[in-house]
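Overview (structure and organization)
Next come the chains, spelled out residue by residue.
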Amino acid sequence: MFVKINNNKVYIIIFIGLIYSIFNSVTDTKKYDKYQVGSNGEKFHSILKGDIRHYWDEAYLFKKNIKEKKPFLDSFAGTERNYLYSKFIAFYYLVIDKNIKKKDQNFEINNYKFGIPIIQSIIFYYILILFYKKISTIFSNKLLFFIIFFIALEPSMIQFHSSYWTESLYLSSLLLLFNLLLNLPKNNYGYFFLGIFIAIIFMFRSAGLFLILPTIIYLIINLRQKAIKPTIFVIIGYTLVILFIGYQNYKKSEIFYVSTSAQLDAPWHYLAHKLNSKKLGVTEEKGLKKKYEDMNKWINDNQINLNTFKGERKLSQYKKKYFLESLENNYFYFAKYHIYKSMQTLILPLNYSKTYYERDPSIIKIWKAAEWKNQFKYKIPYSLFIYIVSLIGLIQMILSGKKYERNLIILIFLFCIYHLGLLGWVGVSRYGVPNQIFYSVFFGFGAEWIYNKIKSVLVNLKINCR
């Protein structure tokens, strides 16, 4: 029953994960690459809606600019959600020489979209092999197997490799960053390029903007007095890329900025009216109405032209300021709200992609639907199982008393707290997926402990039966 775990079995697991992701990339795309009509009578694409549509709209414009021989770097400015993912899509279609949209501005159907998630899958599993080779010098074969098994096949995580969100490339970037931090650079140039890499992660996913903070904290804790030079070089590398982004934005809008519009807009969109309703003692509906009335008044009073990059950016800055003002004297409510929503974020998003593809975007409060609520009957028990095994693993690492494992615990907690603190308040389970890259180590230790316990019990039973 308990077979010997060796390197070949780990590579087989990685191969199975890759083939599964490629298979889903093709089958899901062929099934959902279509237009439907919503309950409001409007047509929508099953896959390319919400955030995903924004990526593809920007990809279409970027590809169009390249075809028209417009300055390449100018296309990096003014993006709403991230800087590189839409370019990744555009370059793919430039290479295969296919259109993204029709002349009527509807998206093309059956234009080899599945190539995007296939490339994402290949990138992720290649980086997983690099990660495996790195940790194979640190952990036992048995522990390695459970860690790689989790990262390669955990269903709520691997579904995103065959999807069209930024999650897959972000997970790949985090896995590579984790890989780099497990064995820190040997010289200052290595730390310089580490800083550049962290900034590039941000260009693929806006949530990566402040990844430099947990990285620097980890360097200080791990290197102590020797952390000064490495930290400076990380900051220099990171700052160079950030300055490039800010300068490109300045050329287009006459405003130097780095964060995307979505980063500034989201707290206003989701929270400002809730905070105001508490502050003013009115219903959320009245708070929502007031929020939009205040915004429209500000636009009119300041004669903001929303058809320009400068006007759009000023509006985003207004929304940021409005949110911060609504947050004043509301910190306790926000903290409670953050914790409540973070608990929702921690529920692992099984079957998230297909549920999203089948969702009618015209139905706003989808979470009230019976089929949506029924999903929690299996999501919550499954999530609890993963977290209990991970907790067992954390306890085993603490009890080991090894310095390396102690530092590894700190590293994992820093990045998990970062993601939960930054995005937990939204309450979207998809935003909790990046943490799985890090606590996969906890899961591996926990699974190994359970494996050894079961094996020990069975061996004792066998001896007693003789």
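Below is a summary of the structure that appears in this document.

Parameters at a glance
Residues numbered from 1 in each chain as written. Predicted model: local features only at pLDDT ≥ 70, side-chain atom pairs only at ≥ 80, totals over all residues. Heavy atoms only, no water. Helix = DSSP H or I, 4+ residues; strand = E, 2+ residues; numbered from the N terminus. Rg over C-alpha atoms; globule rule 2.2 N^0.38 Å. Contact = heavy atoms within 4.5 Å. Areas by Shrake-Rupley, 256 points an atom, 1.4 Å probe, with all protein chains shown as cover. Lys, Arg positive; Asp, Glu negative; His and termini not counted. Charge placed at Lys NZ, Arg CZ, Asp CG, Glu CD. Axes fitted to C-alpha atoms, helices over the stretch in contact; angles between N-to-C directions. Parallel < 35°, antiparallel > 145°, perpendicular 65-115°, else oblique. Left-handed = near helix turned anticlockwise from the far one by under 90°. Expected span 1.5 Å × (residues − 1). Buried < 20%, exposed > 50% of the residue type's maximum accessible area, 1.4 Å probe, protein only. 1 Å grid on protein atoms, 1.4 Å probe; cavity = no way out; pocket = protein on both sides within 12 Å on 5 of 7 lines; lining within 4 Å. Points joined across faces, edges and corners; volume = space filled by probe spheres on them. Nonpolar A, V, L, I, M, F, W, Y, C, P; charged D, E, K, R; others polar. Core = buried A, V, L, I, M, F, W, Y, C linked by side-chain atoms within 4.5 Å. Salt bridge = Lys/Arg side-chain N within 4 Å of Asp/Glu carboxyl O. Patch = residues over 30% accessible without salt bridge, like charges linked within 9 Å, V, L, I, M, F, W, Y side chains within 5 Å.

Okay, the overall build of the chain next. Each helix and strand in the chain was counted, giving 19 helices and two strands. In terms of overall dimensions, the chain is globule-like: its C-alpha atoms have a radius of gyration of 24 Å, near the 23 Å expected for 466 residues. Principal-axis analysis of the C-alpha atoms gives the chain an extent of 85 × 55 × 55 Å. In the chain, 77% of the contacts between residues at least 6 apart in sequence involve partners at least 24 apart. Summing over all exposed atoms, the chain offers an accessible surface of approximately 23,300 Å²; the carbon and sulfur share of this is 63%. Each charge class in the chain was averaged separately, 61 positive and 29 negative side chains, and the resulting centres sit 10 Å apart.

For Leu181, the position within the fold is in helix H7 (residues 167–182). The spacing of Leu181 and Leu219 is 38 residues in sequence and 8.8 Å in space, taken between C-alpha atoms. Ignoring any residue separated from it by four or fewer positions in sequence, one finds Leu181 in contact with Leu194, Thr215, Tyr218, Leu411 and Phe415.

In the contact formed by helix H2 (residues 50–67) and helix H3 (residues 85–96), the axes pass within 8 Å of each other and the chain directions differ by 55 degrees. By the angle between their directions, the pair H2 and H3 is classed as oblique. Considering how the two elements wind past one another, H2 and H3 form a crossing that is right-handed. In this structure, H2 uses Tyr55, Trp56, Glu58, Ala59, Phe62, Lys63, Ile66 and Lys67 to contact H3, whose residues at the interface are Tyr85, Ser86, Lys87, Ile89, Ala90, Phe91, Tyr93 and Leu94.

A few words on H7. Its 16 residues place the ends of H7 22 Å apart at the C-alpha level, agreeing with the 22 Å of an ideal helix rising 1.5 Å per residue. For H7, the buried fraction is high: 14 of the 16 residues fall into the buried class.

Here the focus is empty space enclosed by the protein. For the structure on display, the rule yields two cavities of 30 Å³ or more. Lining of the second largest cavity is provided by Leu181, Leu182, Tyr218, Tyr404, Asn407, Leu408 and Leu411. Within the residue set of the lining of the second largest cavity, elements represented by two or more residues are H7 and helix H18 (403–423). Looking at the lining of the second largest cavity residue by residue, the classes come out as six nonpolar, one polar and no charged.

The next thing to look at is the nonpolar core. Core analysis: the largest hydrophobic core is formed by 119 residues, its most contacted members being Trp56, Leu128, Phe131, Ile151 and Phe178. When residues of this core are assigned to their parent elements, the largest contribution, 10 residues, is made by helix H8 (residues 188–204). Excluding its chain neighbours within four sequence positions, the residues that come into contact with Leu128 are Ile14, Ile148, Ile151, Ala152 and Leu175.

This brings us to the pattern of salt bridges. A complete count under the given rule lists 13 salt bridges for this structure. Among the ionic pairs, Lys113 bridges to Asp33, the shortest N-O distance being 3.0 Å. Here Asp33 lies in the loop between helix H1 (7–32) and strand S1 (35–37) and Lys113 lies in the loop between H3 and helix H4 (115–135), a separation of 80 residues in the sequence. Across the pair, Asp33 and Lys113 agree in class, each one buried.

Let us now look at H18. Residues spaced three or four apart along an α-helix face the same direction, because each turn holds 3.6 residues. A rise of 1.5 Å per residue sets the reference length of H18, with its 21 residues, at 30 Å; its end C-alpha atoms lie 31 Å apart and thus fit the reference within 8%. Along H18, the residues that are buried comprise Glu405, Asn407, Leu408, Ile409, Leu411, Ile412, Leu414, Phe415, Cys416, Tyr418, His419 and Leu423. Where H18 is buried, its residues meet H7, helix H9 (212–223), helix H14 (331–345), helix H17 (376–400) and helix H19 (435–464).

Another aspect to go through is a nonpolar patch on the surface. Taken together, the side chains of Ile228, Ile232, Ile236 and Leu240 present a nonpolar region at the surface, about 370 Å² in accessible area. Relative to the assigned elements, Ile236 resides in helix H10 (residues 228–253).

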